Amino acid sequence: MKVLGIESSCDETGIAVLDVDTGEMHQRLYSQIERHREYGGVVPELASRDHVVKAAPMIEEILQEVGGVKQIDGVVYTRGPGLMGALMVGACIARGLAWALDKPVLGVHHMEGHLLAPMLSEQKPEFPFVALLVSGGHTMLVDVQAMGCYKILGESLDDAVGEAFDKTAKLLGLPYPGGPELAALASTVSSTELKFPRPMVDRPGLDFSFSGLKTFALNTMHKYSPLSEQSRAEIAFAFEQAVVDTLQIKCQRALKQTGYCRLVVAGGVGANQRLRQRLQQMSKKLDAQVYFPALEYCTDNGAMIAYAGGMRMSAGLFDINVSDVLPRWSLEDLPGLP
Ligand code: KG4
Ligand code: ZN
């Protein structure tokens, strides 16, 4: 079975065709980052318009690559969560195409796509596992018992971790999206006397709070103003250390609470090298295993949507009479696989 996957929840247009039986994947990715950079963040209306322009030619190109539209047995797309207008573009294209081809269509949960992205690697995690989802819009720890059986163990009470990276980077004068820029600046130093807090680690539970770290960074910047290059780098370093420590402490707690020995890290911030190193060290100490998606599958892409949707569709799930998108949608509301 071959499915066409369409991702358009935010500022990346991702198109993929997955052969569910062989695992063969074809994909295209277009990032709108340059378009949004001058505004310092994603402008929803511009995002929708760009998806309208880019999605159809990308689909045409990929269909040619796989031997034409007749090869497609179903269409899957991101139904939510995400930006309403951007989601609607992908949904309309997917439903229109499926209707014209008389093939099934299925709306996919964006975060399920992220948390199953490590399944696209050679070394796949077995169920059950703890998933740490860290993106621009979400920070959560999830108990993944099986595909579709998700229990949220903890989440951010305010800013998502990627959002905290982006906002702090902006304060430091770095361009959007700030996460990788801040990480690059932090890597120019190897220590600092600056001590940032580790939010909520001394409280029980698995929730997070990152907005205070951004304020702490701002106050530190005022204290050392005017900032030298060295001070900017040390603030970035101290911020990144605080985030990585906090995430590691909560991951360790989640593994202990569930009794699981596998941790899956997914979402854009999963590309962060310092986080990867720290979680690898932790897993060695705990005799657990940590799985990361390939770097190209950490940030938004069509392949993860084709995978999550393809698995659901090959289990017989598809949408009937669905005409909305779900900008807010909990992972816990997803049906399990039959
Ligand atoms: O998953 P994603 O592509 O989009 C959402 O669904 O939100 O994640 C994007 C987020 C951005 O906030 C970006 O700054 C962050 O991931 N990010 C990073 C790194 N690469 C991307 N944050 C820290 N370090 C990185 N290397
Ligand atoms: Zn995402």
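1. Details of the nonpolar core
The biggest cluster of nonpolar side chains holds 46 residues, and the ones touching the most others in it are Leu132, Leu141, Phe196, Leu247, Leu263, Val265 and Leu279. Counting only elements with at least two residues in this core, the list comes to strand E6 (129–134), helix H5 (161–171), helix H6 (178–186), helix H7 (211–223), helix H8 (229–258), strand E9 (262–266) and helix H9 (273–286). It is H8 that contributes the most residues to this core, 13 residues altogether. In this structure Phe196 touches Leu213, Phe216, Ala217, Thr220, Ile235, Ala238, Phe239 and Ala242, once residues within four positions along its chain are discounted. Residues Leu115, Tyr150, Tyr307 and Leu331 belong to the second largest nonpolar core, which totals 35 residues.

2. Looking at the site of ligand 1
Close to ligand 1 lie 18 residues, the nearest being Gly136, Asp166, Gly179, Gly268 and Asn272. The side chain of His114 places a nitrogen or oxygen atom 3.2 Å from an oxygen atom of ligand 1. Taking Gly162, its main chain carries an N or O atom lying 3.2 Å from an oxygen atom of ligand 1. Taken by itself ligand 1 offers 560 Å² of open surface, and the protein chains cover 86% of this. Structurally, ligand 1 is housed in the largest pocket. At 3 residues, the largest contribution of residues to the shell around ligand 1 is made by H5. A breakdown of the residues in the shell around ligand 1 according to their chemical character gives 5 nonpolar, 11 polar and 2 charged.

3. Section: the coordination of the zinc ion (ligand 2)
Coordination sphere of the zinc ion (ligand 2), protein contribution only: His110 (NE2), His114 (NE2) and Asp300 (OD), at 2.0 to 2.1 Å. Spacing between the donor residues of the zinc ion (ligand 2) along their common chain follows H-x3-H-x185-D. One end of the pair, His114, is in helix H4 (residues 110–116); the other, Asp300, is in the loop between strand E10 (289–291) and helix H10 (302–314), with 186 residues separating them in the sequence. Overall, Asp300 belongs to the buried group, its relative accessible area being 12%.

4. Here we look at the sheet that holds strand E2 (residues 12–19)
The sheet built from 5 strands is open, its strands ordered E3-E2-E1-E4-E5 with mixed pairing. The sheet terminates laterally at strand E3 (25–31) and strand E5 (105–109), the two strands that pair on one side only. Adjacent strand axes in the sheet meet at a mean angle of 20 degrees, parallel and antiparallel pairs treated alike. Set on the sheet, H10 makes contact with strand E1 (2–7), E2, E3, strand E4 (74–80) and E5; between it and E4 the angle comes to about 115 degrees.

5. Comments concerning the domain arrangement of the protein chain
Domain annotation for the protein chain reports domain 1 (2–115 + 299–333) and domain 2 (126–292). A C-alpha centroid distance of 28 Å is found between domain 1 and domain 2. Taken residue by residue, the interface counts 19 residues in domain 1 and 21 residues in domain 2. For the domain 1 face of the interface with domain 2, the top three residues by lost area are Met111, Leu115 and Leu331, together amounting to 35%. Counting across the interface, domain 1 meets domain 2 through 0 salt bridges. Seen at the junction of domain 1 and domain 2, the total is 3 residue pairs in polar contact (both at pLDDT 80 or more). Mapped onto the side of domain 1 that touches domain 2, the elements with two or more residues apiece are helix H1 (33–37), H4 and H10.

6. Looking at the pairing of E1
Burial analysis of E1 places 6 of its 6 residues in the buried class, the great majority of the element. Side chains of E1 alternate between two faces, with Lys2, Leu4 and Ile6 and Val3, Gly5 and Glu7 buried alike. Sheet analysis places E1 next to E2, joined by 6 bridges and oriented antiparallel. Across the sheet, Ile6 pairs through a bridge with Ile15, a residue of E2. Taking the residues between adjacent antiparallel strands as the criterion, E1 and E2 are bridged by 4 residues. Sheet topology note: the E1/E4 ladder contains 4 bridges and is parallel. Within E4, the position partnered with Val3 by the bridge is Gly74.

How each quantity is defined
- Within each chain, residues carry numbers counting from 1 in the order of the written sequence.
- For naming, the first written chain is A and the first written ligand is 1, with later ones following in the order written.
- Thresholds applied to this predicted model are a pLDDT of at least 70 for local features of residues and 80 or more for the giving and counting of side-chain atom pairs; totals over whole chains, interfaces and linings are not thresholded and use all residues.
- For the side-chain quantities, the full set of heavy atoms in the structure was used; hydrogens and water were omitted.
- Among buried residues, those of type Ala, Val, Leu, Ile, Met, Phe, Trp, Tyr and Cys that are joined through side-chain atoms within 4.5 Å constitute a nonpolar core.
- For each residue, the accessible area found with a 1.4 Å probe, counting protein chains only, is set against the maximum for its type, and the residue is called buried under 20%, exposed over 50%, and partly exposed in between.
- Segments assigned H or I by DSSP are reported as helices when at least four residues long, segments assigned E as strands when at least two residues long, and all are numbered from the N terminus.
- Pairs of residues are marked as contacts when any of their non-hydrogen atoms sit within 4.5 Å.
- Proximity is defined per residue: any heavy atom of the residue falling within 4 Å of a molecule or strand makes that residue near it.
- Within 3.5 Å is the distance limit for a polar contact, defined as a pair of N or O atoms, with the added protein rule that one can donate a hydrogen and the other accept it, and that residues adjacent in sequence qualify only through two side-chain atoms.
- Computed with a 1.4 Å probe, the accessible areas rest on the Shrake-Rupley method; for each residue, only the protein chains presented here act as cover.
- Cavities and pockets were defined on a 1 Å grid built from protein atoms only: a cavity is a group of points that admits a 1.4 Å probe but offers it no way out, a pocket is an open group of points flanked by protein on both sides within 12 Å along at least five of seven lines, and a lining residue is one with an atom within 4 Å of any such point.
- Each molecule is assigned to a cavity or pocket provided more than half of its atoms lie within 2 Å of the corresponding grid points.
- Each residue is assigned to one class: nonpolar for Ala, Val, Leu, Ile, Met, Phe, Trp, Tyr, Cys and Pro, charged for Asp, Glu, Lys and Arg, and polar for all the others, Gly among them.
- Atoms are scored as donors when they are N, O or S and lie within 2.8 Å of the metal, with 3.2 Å used for Na, K and Ca; no water is included, so coordination may look incomplete.
- Pairing between strands requires that DSSP locate at least two bridges from one strand to the other.
- Angles here are taken between N-to-C directions and fall from 0 to 180 degrees, while the axes themselves are lines fitted to C-alpha atoms, restricted in helices to the stretch in contact.
- A domain assignment, automatic or from a database, supplies the domain bounds used here.
- When two parts are brought into contact, each loses some accessible area as probed by a 1.4 Å sphere; the total of that loss over both is the buried area.
- What counts as a salt bridge is simple: a side-chain nitrogen of Lys or Arg found within 4 Å of a carboxyl oxygen of Asp or Glu.

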